[in-house]
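Structural description and commentary
Read off the chains here:
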Amino acid sequence: VTQNGVKGYRVIGPNGNSIFLPFTGYKDGSVHKTVSSKYWSNEVRGIYSYLASCLDVMSNNKIEIQGSHRYGGLPIRPVLP
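Notes on the structure follow. (Residues numbered from 1 in each chain as written. Predicted model: local features only at pLDDT ≥ 70, side-chain atom pairs only at ≥ 80, totals over all residues. Heavy atoms only, no water.)

**Things to note about the overall build of the protein chain**
The secondary structure content of the protein chain amounts to 0 helices and 8 strands. Going from N to C terminus, the protein chain has its helices and strands arranged as β-β-β-β-β-β-β-β. With the C-alpha coordinates of the protein chain rotated into their principal frame, the extents come out at 35 × 30 × 25 Å. Look at the contacts in the protein chain between residues 6 or more apart in sequence, and 24% of them connect residues 24 or more apart. A total accessible area of about 5800 Å² is found for the protein chain, and carbon and sulfur atoms account for 55% of it. (Helix = DSSP H or I, 4+ residues; strand = E, 2+ residues; numbered from the N terminus. Contact = heavy atoms within 4.5 Å. Areas by Shrake-Rupley, 256 points an atom, 1.4 Å probe, with all protein chains shown as cover.)

Here it is as structure tokens:
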């Protein structure tokens, strides 16, 4: 979808609430990747303190929760409770 001139994804939860995730790409070292948009979560990935969970929204509209190295340049999407 496009919202205010910005392309991204609208994710709708089971309760009907939605969140807009702008298509940002992400940084892997010094390389900017545009294949998908990844967003940090607020938790460390299992027992591996060097990984954090992230939401990966891929260009084929598939969404996965993955682990990513914490040094990576992923954006966040803050929300109000």
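**Here we look at the sheet that holds strand β1 (residues 2-3)**
Read across the open sheet, the 3 strands follow the order β1-β2-β3; overall the sheet is antiparallel. With partners counted over all chains shown, the strands left at the sheet margins are β1 and β3 (18-22), one partner each. Strand direction decides the pairing type here: strand β2 (residues 6-12) and β3, joined by 5 bridges, are antiparallel. Paired with valine 11 across the strands is isoleucine 19, a residue of β3. (Pairing = 2+ DSSP bridges.)

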